[in-house]
Amino acid sequence: EREALAIVRRAIELGVTLFDTAEIYGLGRSERILGQAISERRDDVVLATKLLPVLPVPAVVQQRAVASANRLGVRRLDLYQVHQPNPVVPDTVIMRGMRTLQRIGLVGEVGVSNYPLARWKAAEEALGSRVLSNQVRFSLAAPGPSDDLVPYAERTGHLVIAYSPLAQGFLSGRYDGSHRPRNRVRSFNALFLPVNQERGAGLLRVLREVADAHDASFSQIALAWLIRSPAVVAIPGASSVAQLESNAAAAEI
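The rules behind each value
- For every chain, the first residue of its written sequence is number 1, and the numbers climb from 1 along that sequence.
- It should be noted that, the model being predicted, local features are given only for residues of pLDDT at least 70 and side-chain atom pairs only at 80 or more, the latter also being counted only at that level, while totals for whole chains, interfaces and linings use all residues.
- Side-chain metrics rest on all non-hydrogen atoms present in the structure, leaving aside hydrogens and water.
- Among buried residues, the Ala, Val, Leu, Ile, Met, Phe, Trp, Tyr and Cys ones that are joined through side-chain atoms within 4.5 Å form a nonpolar core.
- The rule is simple: take the accessible area with a 1.4 Å probe, protein chains only, and divide by the maximum for that residue type; under 20% is buried, over 50% is exposed, in between is partly exposed.
- Contacts are assigned to residue pairs with any non-hydrogen atoms lying within 4.5 Å of each other.
- To qualify as a helix, a DSSP run of H or I must reach at least 4 residues; to qualify as a strand, a run of E must reach at least 2; elements of each kind are numbered from the N terminus.
- Counting of polar contacts relies on pairs of N or O atoms within 3.5 Å, with two restrictions inside protein: one atom must be capable of donating a hydrogen and the other of accepting it, and residues adjacent in sequence are counted only when both atoms are side-chain atoms.
- A pairing counts as a salt bridge when a side-chain nitrogen of Lys or Arg comes within 4 Å of a carboxyl oxygen of Asp or Glu.
- By this definition, two strands are paired if DSSP reports at least two bridges between them.
- Lines fitted to the C-alpha atoms define the axes, with helices restricted to the stretch that makes contact. Angles between their N-to-C directions range from 0 to 180 degrees.
- Angle categories are assigned with fixed cut-offs, so that under 35 degrees is roughly parallel, over 145 is roughly antiparallel, 65 to 115 is roughly perpendicular, and the rest are oblique.
- For any helix crossing, the convention is left-handed if the near helix is rotated counterclockwise from the far helix by under a right angle, and right-handed if that rotation is clockwise.
- Any residue that is not Ala, Val, Leu, Ile, Met, Phe, Trp, Tyr, Cys, Pro, Asp, Glu, Lys or Arg is counted as polar, Gly included; the first ten are nonpolar and the last four charged.
- The residues that make up patches have over 30% relative accessible area and no salt bridge, and they are joined within 9 Å when like-charged or within 5 Å when they are Val, Leu, Ile, Met, Phe, Trp or Tyr.
- Throughout, the Shrake-Rupley method with a 1.4 Å probe supplies accessible areas, and for residues the shown protein chains are the sole cover considered.

Would you mind going over the nonpolar core with me for this structure?
Taken as a class, soluble globular proteins show a tendency for nonpolar side chains to be buried jointly. Ranked by size, the top nonpolar core spans 66 residues in total, and within it Met-95, Met-98, Trp-120 and Val-160 carry the most contacts. Excluding its chain neighbours within four sequence positions, the residues that come into contact with Met-98 are Val-61, Tyr-80, Gln-81, Val-82, Val-110 and Leu-127. Core analysis: the second largest hydrophobic core is formed by five residues, Leu-18, Leu-79, Ile-161 and Ile-235 among them.

Sorry if this is basic, but what is going on with the side chain of Asp-78 here?
Inspection of the secondary structure puts Asp-78 in strand β3 (residues 77-82). Of note is the side chain of Asp-78, whose polar atom sits 3.1 Å from the side chain of Arg-42. A polar atom in the side chain of Asp-78 sits 2.8 Å from the backbone nitrogen of Leu-47. Excluding anything up to four places from it in sequence, Asp-78 contacts Arg-42, Val-45, Val-46, Leu-47, Gly-108 and Glu-109.

It is not clear to me how the pattern of salt bridges should be interpreted in this structure. Could you clarify?
Think of it this way: side chains of opposite charge can pair up when their charged atoms draw near. Inspection of the entire model under this criterion finds eleven salt bridges. A salt bridge links Arg-10 to Glu-13, with the shortest nitrogen-to-oxygen separation between them at 3.1 Å. Of this pair, Arg-10 and Glu-13 both sit in helix α1 (residues 2-13), three residues apart, which is roughly one turn of that helix. Of the charged contacts, one joins Arg-71 and Glu-31 as a salt bridge, the two residues approaching to 2.6 Å between their closest N and O atoms. Taken together, the residues span a long stretch of sequence, with Arg-71 in helix α3 (residues 58-72) and Glu-31 in helix α2 (residues 29-38) at a distance of 40 residues. What makes Arg-71 buried here is its relative accessible area of 18%.

How should the sheet that holds strand β4 (residues 107-113) be read in this particular structure?
The strand order across the open sheet built from seven strands is β1-β2-β3-β4-β5-β6-β7, with neighbouring strands paired in parallel fashion. Of all strands in the sheet, those bounded by a partner on one side alone are β1 (18-20) and β7 (232-234). Within the sheet, the average angular offset between the axes of one strand and its neighbour, ignoring direction, is 25 degrees. Bridge analysis of β4 against strand β5 (residues 131-137) gives four bridges, and the strand direction is parallel. Each bridged residue has a counterpart across the sheet, and for Ser-113 the counterpart in β5 is Gln-135. Docked against the sheet, helix α5 (residues 117-127) engages β4, β5 and β6 (159-163), running at close to 150 degrees with respect to β5.

I'm lost on the environment of Ala-216 in this one. Help?
Along the chain, Ala-216 falls in the loop between α9 (201-213) and α10 (218-226). Residues Ala-216 and Ile-253, spaced 37 residues apart in sequence, show a C-alpha to C-alpha distance of 8.6 Å. Setting aside residues up to four positions removed in sequence, Ala-216 forms contacts with Ala-211, Ile-221 and Ile-253.

Explanation requested: the packing of α1 against helix α11 (residues 241-249) in the structure shown.
Between two packed helices, both the angle of their axes relative to each other and the distance between the axes serve to describe the pair. Remark: α1 packs on α11, axes separated minimally by 9 Å, with the N-to-C direction vectors making an angle of 25 degrees. Relative to α11, the element α1 lies roughly parallel. The way α1 lies across α11 gives a crossing that is right-handed. Residues Glu-3, Ala-6, Ile-7, Arg-10 and Ala-11 of α1 lie in contact with α11, whose contacting residues are Val-241, Leu-244 and Glu-245. A breakdown of the residues in the contact of α1 with α11 according to their chemical character gives five nonpolar, no polar and three charged.

Can you help me understand a nonpolar patch on the surface in this one?
Among the surface-exposed residues, Ile-24, Tyr-25, Leu-27, Leu-52, Val-54, Leu-55 and Val-57 lie close enough to one another that they form a single nonpolar patch of about 620 Å² accessible area. Using a relative accessible area of 56% as the deciding quantity, one classes Leu-55 as exposed.

Here's what the structure looks like:
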């Protein structure tokens, strides 16, 4: 917790403005830690959190937003996102709750996460105003959003939020066939299977060339590739202040 506070506060000093969390992260603990970290700099940040859409009828959507705001210690959620598409409950139902939250001022902008383009558009139609953002897995190792979501966002003034922008460390250059990740999450990620590490070797060679040319790290180049578009923001995690500082430096490339 202490390290998390230091990371967030240093990020604000470096000009980072968007902080993303979700009610499901640590079962609310992430929101509490983030709220504490930004408490003295609330006006300097854009605060984003996410609703886990379990039975997301309007009353539940509103209740969960109030709970998130209380954990974060704020009166307004700058960006409130639907964490996943619900396969049963349509966005016409979910967005009724979001519309009420905007009307009473608890939510500023509405966003979605892991939505295909057609459903993103449908959610916006259901809301009756813009659904500003779509948070999706997006990196050099998972470039699919550059085919449709990013062009749409650039054309229409929307935003793509890239999560896992370093592919859980696959793009860091630290791992190969002889150096496997020890972290349990990474060890179960298919990207780190030998066949995929072999397939990704060419990409990592290019990353090395570009990184050397810019006197930068693999990770910094991978982040810079994403944010070259004004319609894309990356949200890399950081487990230390030093890692945060390295990530933030990618904005200068």
